[in-house]
Amino acid sequence: MNTFHPWRTRRVIALWATLGAAAFVLLPWYFLQRGSLWEALPGLWGSAASANGWTHMTSHAHPWLGIGLGGLLLAASAVFAHTPRRQGLLLCSGAGLGLAGLVISGFAIGMVGWAWDWLTALAGATDYTQPGMGWGAMVLIVSLLALLSIGVARLGGFKGDAFVAGAVLCCTALLALFVVYPVLKSLMGSVLNDEGLFSISALWDRIGTARIWGLGCISGQGRCGVAWNTLGLALLTATGTTFLGTLIALWAEREAKALAKPLNILAMLPIITPPFVVGLGLILLFGRAGLFNQYLEWAFGIEPTRWFYGFFGVWLAQLFAFTPIAFMIMRGVVQGVSPSMEEASQTLRASRMQTFWTVTLPLLKPGLANAFLVGFIESMADFGNPIVVGGQFAVLSTEIFFAIVGASLDPGMAAALSLILTVFALAVFFIQRRVLGKGSFTTVAGKGDAGLPMPLPAGIRKLCLGVAGPWLVFTLVVYLFAFAGGFVQTWGRDYTLTLNHFRTAFDVQWGEYGVVWAGTAWNSLFTTVSLAAMAAPLCAGLGLLIAWLLARAEFRGKASFEFSALLTFAVPGTVLGVSYILAFNVPPVELTGTGLIIVLCFVFRNLPVGVRAGTAAFKQLDRSLDEASLMLRANTLTTLRLVVLPLIKSALVAALVYSFVRSITTVSAVIFLVTAQYELSTTYIIGRVGNGDYGVALAYCTVLILLMSCSTLLVQALVGERKLGRRHAATAH
């Protein structure tokens, strides 16, 4: 059992209690509406806008804050307890009381009195009001959580390990506050009427319309509803990307090994570029002023039209954007197929085609299911391509956007549409889990496997060459056009080479007082990079910690804990963005309009990446390494720092860079959170596209591609390729 020594336990309790008390009297209790923390310090003992907790409790009629202070003092009295049980009881009761009082009062009392109508009906109107929690409240809550963790450990929970207890409780609190709570609040908003009362009819009034569920496209009497548009597009995109990604992976791994590295670079492009870059490249090819329409006009006299904009344009853009992601998933799965199984099939006189259909393809089942799921969710969450090339073709992500920022300003409608989007995504998520079931697809074990991968059957090889080959060439052309668009004066009219678009966005001048960042894009780039740099280490660290808890710790509610950690993977980014707007626009947590809400959105949107990277890494580490360190009397934190962390550096670096890159290129989750002060790169580009300024937009995309390429090449150099110890055909003799 890993426990603190009595004197060390008392010291830790005293330190956390002192920190909580100091926060109560030395930090502003509520969220600062203006100014910095340093500017607010002089008003700690007077102004209600920046007063500490003690002043609010004694001078500004906020008596409920005494519950938090009282709970802290009760927990602090555990310093004088002499038995672990008594110490644990005091800590748990005191910290639990303080946390319950602060959390319940924070949610119950808002800016205009009671936050819930049933409280008004029960207790009558109240003059008590309070804004969102600030620095003082946050530090006190963290202190109470730490004391509660020590108390749980002293009572024997988590095998007496206070670090594990603290990690589980803190991660649970973070997931509950920044994942589960906003998503549930958003979805609950769909069943509330204009007066804030529960009403199923309000939900039906919002979504039970022909605009949402109409079948006019089938009956020939109009357009399909937005829900069917989104579902049909997602199914077709997921099917197409899975099919193409599988063909490319089979070709690269079984027939054209020399193409593996170039294909891997191509596969990284959708990750390191904003999601609408492909749409912009396709506009340069097929738009009204695109080369294809110009050729038709020159060769056949066909006047250019907007035929490309709509369902076909969005579907084609999503195929180009998300097929490389499916290739990345399928490439790893194809690599993992054991050649010995294929050789055994052929030894039993099965042909290559029979072996492929009965052995190889079934072993690809997990990869196919994952690739389909990723393609489906990426399509539904995609905002950039529908807004750029969708024309009059509406999908749920764009409808949610216009419900929030449009003239109607209808959060209830946005919540209702988010509910539909979430139901679609979770349905496919659970169907995928059920399809895979509990079947075993293990092909890589501890034993060596020096078999030769089976060459593709002739029919499959021809299919790969006939479909994947032209597709890859076309993909490269689209990206080249997107890259070239920033270097010409006006696409479709004046192809003179120029750097004017880059000067507009990234001009640098020398003024009287030094360097002047004169370009219009510098502010958004600096803001994006700084916020992403803050989010990346938080995302990677929290993700790996959760992965370690899932791999090494046993506790009740572990399945729900894991589902909460991976929920943002199943929930489209558009829904998460709407959820943050609805949840953090009012007390107890007011973050709307700040840079912090964007950082938190980055962290929890990309959290599943860190969790999955860490889970894969921990599965490769024998538990005996941890146990040996613990047997040598090292505590859990020391074991993590000196033994585990050095062995998972590759997962840490991968999670860091991936979360950094995805934060910079994301658009669907943060499109609702940006302000004039915190404009991001992707929203700047969308604004330029909306104004028809494609040259500056593509110039900015080029800079982002170069910036992200450097980060991606760095992580690939550090992480390297997976080695499976297989023979190659050249060494088979």
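Residues numbered from 1 in each chain as written. Predicted model: local features only at pLDDT ≥ 70, side-chain atom pairs only at ≥ 80, totals over all residues. Heavy atoms only, no water.

Caption draft 1: Structural context of the overall build of the chain. Scanning the chain from terminus to terminus reveals 34 helices and six strands. Computed over its C-alpha atoms, the radius of gyration of the chain comes to 28 Å, within 12% of the 27 Å expected for a compact globule of 733 residues. Dimensions of the chain, computed from C-alpha atoms along their principal axes, come out at roughly 85 × 65 × 65 Å. Taken across its 733 residues, the chain has 52% of its residues classed as buried. (Helix = DSSP H or I, 4+ residues; strand = E, 2+ residues; numbered from the N terminus. Rg over C-alpha atoms; globule rule 2.2 N^0.38 Å. Buried < 20%, exposed > 50% of the residue type's maximum accessible area, 1.4 Å probe, protein only.)

Caption draft 2: Region of interest: helix α8 (residues 162–188). Where α8 bends most, the angle comes to about 40 degrees, and this point is A176. Backbone nitrogen of F163 and a side-chain oxygen of the N-cap are separated by 3.0 Å at the start of α8; the cap is D161. (Bend = angle between axes of the 7 residues up to and from the residue. Polar contact = N/O pair within 3.5 Å; in protein donor to acceptor, adjacent residues only side chain to side chain.)

Caption draft 3: Layout of the nonpolar core. Of all hydrophobic cores here, the largest spans 176 residues; its most connected members are I546, Y580 and F604. With 14 residues, the top contributor of residues to this core is helix α25 (residues 522–552). Formed by 32 residues, the second largest nonpolar core is a distinct cluster that contains I13, C92, A108 and L148. (Core = buried A, V, L, I, M, F, W, Y, C linked by side-chain atoms within 4.5 Å.)

Caption draft 4: The packing of α25 against helix α26 (residues 558–570), seen in detail. Where α25 meets α26, the closest approach of the two axes is 11 Å, and the angle between their N-to-C directions is 155 degrees. Overall, the two elements α25 and α26 adopt an arrangement that is roughly antiparallel. In this structure, the crossing between α25 and α26 has a hand that is left-handed. Contacts between α25 and α26 involve I546, L549 and L550 from the first element and K558, F561, E562 and A565 from the second. Its residues assigned to classes, the contact of α25 with α26 shows five nonpolar, no polar and two charged. (Axes fitted to C-alpha atoms, helices over the stretch in contact; angles between N-to-C directions. Parallel < 35°, antiparallel > 145°, perpendicular 65-115°, else oblique. Left-handed = near helix turned anticlockwise from the far one by under 90°. Contact = heavy atoms within 4.5 Å. Nonpolar A, V, L, I, M, F, W, Y, C, P; charged D, E, K, R; others polar.)

Caption draft 5: Focus on a nonpolar patch on the surface. A surface patch of nonpolar side chains, amounting to about 450 Å² of accessible area, comprises L236, F292, W307, F311 and F312. In this structure, F292 sits in helix α15 (residues 291–300). (Patch = residues over 30% accessible without salt bridge, like charges linked within 9 Å, V, L, I, M, F, W, Y side chains within 5 Å. Areas by Shrake-Rupley, 256 points an atom, 1.4 Å probe, with all protein chains shown as cover. Salt bridge = Lys/Arg side-chain N within 4 Å of Asp/Glu carboxyl O.)

Caption draft 6: Representation of the confidence of the model for the chain. The pLDDT averaged across the chain works out to 85; a share of 92% of its residues lies at or above 70. Below a pLDDT of 50 lies the segment residues 439–449, which in the model reaches 18 contacts outside its immediate sequence neighbourhood of four places, other chains included. (pLDDT = per-residue confidence, 0-100.)

Caption draft 7: Broad picture of the pairing of strand β4 (residues 494–497). Across two bridges, strand β3 (residues 488–490) lies against β4 in antiparallel orientation. Residue T490 lies in a different strand from β4, and its bridge partner there is D494. (Pairing = 2+ DSSP bridges.)

Caption draft 8: The arrangement of unusual backbone geometry in detail. Here the amide bond leading from P587 into P588 is cis, since omega sits at 10 degrees, within 30 degrees of zero. Its place among the elements puts P588 in the loop between α27 (573–583) and α28 (595–605). Phi is positive for A61, close to 55 degrees, though the residue is something other than glycine. Counting through the fold element by element, A61 comes out in the loop between α3 (53–59) and α4 (65–76). Judged by its relative accessible area of 46%, A61 is partly exposed. Even without glycine at this site, K159 takes up a positive phi of about 60 degrees. Here K159 lies in the loop between α7 (135–154) and α8.

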